[in-house]
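Structural features, examined
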Amino acid sequence: MSDCIFCKIINKEISSNIVYEDNLVVAFRDINPQAPVHILIVPKEHIPTLLDLNENNKHVVSHAYMVAKELAKSEGIDEKGYRIVSNCGNDGGQTVYHIHFHLLGGRFMTWPPG
Ligand code: AMP
Ligand code: ZN
């Protein structure tokens, strides 16, 4: 998707603070962090929303969670705990329509989110 900001980050057309990359995902620091650790784990495939997951692409979700687990360890937030968030659509608060998983940690998280 030529007008997708996350595709541009994946293709290195715009810079970002990448902390991990493999054949399926890129992980980079959120430009507007909501916690001391705030990393976005983004599948390389352009999938607009969680509603676009299907049998062919669903494996990226479990892979993203495994990458999040390893990043939680390397960021030192594994023992105290962390949160993974994925917003879907307008009411879910999604602003970038290329699915991603927020890895948040380094502070106590309240519930429910606003
Ligand atoms: P969401 O609102 O769930 O779609 O999350 C989109 C996230 O992308 C927000 O937390 C933004 O701060 C973040 N974001 C937007 N543009 C960039 C960028 N160029 N680099 C890093 N993070 C970004
Ligand atoms: Zn995209």
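Cut-offs used in this document
Residues numbered from 1 in each chain as written. Chains lettered and ligands numbered in written order. Predicted model: local features only at pLDDT ≥ 70, side-chain atom pairs only at ≥ 80, totals over all residues. Heavy atoms only, no water. Helix = DSSP H or I, 4+ residues; strand = E, 2+ residues; numbered from the N terminus. Donors = N, O, S within 2.8 Å, 3.2 Å for Na, K, Ca; no water. Tetrahedral: all angles 85-135°; square planar, octahedral: opposite > 155°, others 65-115°. Buried < 20%, exposed > 50% of the residue type's maximum accessible area, 1.4 Å probe, protein only. Near = heavy atom within 4 Å. Polar contact = N/O pair within 3.5 Å; in protein donor to acceptor, adjacent residues only side chain to side chain. Areas by Shrake-Rupley, 256 points an atom, 1.4 Å probe, with all protein chains shown as cover. 1 Å grid on protein atoms, 1.4 Å probe; cavity = no way out; pocket = protein on both sides within 12 Å on 5 of 7 lines; lining within 4 Å. Sits in = over half its atoms within 2 Å of the grid points. Nonpolar A, V, L, I, M, F, W, Y, C, P; charged D, E, K, R; others polar.

By the naming in an unreviewed UniProt entry, the protein is Histidine triad (HIT) protein, taken from Thermoanaerobacter italicus.

The next subject is unusual backbone geometry. Here tryptophan 111 and proline 112 are connected by a cis peptide whose omega angle stands at 0°. Residue placement: proline 112 occurs in the segment after β5 (101–105).

Coordination of the zinc ion (ligand 2) by the protein comes from Cys4 (SG), Cys7 (SG), His46 (ND1) and His98 (ND1), over a distance range of 2.0 to 2.3 Å. Geometry at the zinc ion (ligand 2) is tetrahedral, judged from its four donor atoms and the angles of 105 to 117° they form at the metal. Mapping the donors of the zinc ion (ligand 2) onto the primary sequence gives the spacing C-x2-C-x38-H-x51-H. Here the residue cysteine 4 occupies a position in the segment before α1 (5–10), and histidine 98 occupies one in the loop between α3 (89–92) and β5, the gap between them amounting to 94 residues. A single burial state applies to cysteine 4 and to histidine 98, both of which are buried.

For the rest of this paragraph, the subject is the site of ligand 1. Taken together, 16 residues sit near ligand 1, with Asp30, Asn87, Thr95, His100 and His102 positioned nearest. Between an oxygen atom of ligand 1 and a main-chain N or O atom of valine 96, the distance comes to 3.0 Å. Relative to its free-state accessible area of 500 Å², ligand 1 is covered by the protein chains to the extent of 84%. The cavity that encloses ligand 1 is the largest pocket. Residues belonging to the shell around ligand 1 are distributed by class as follows: seven nonpolar, seven polar and two charged.

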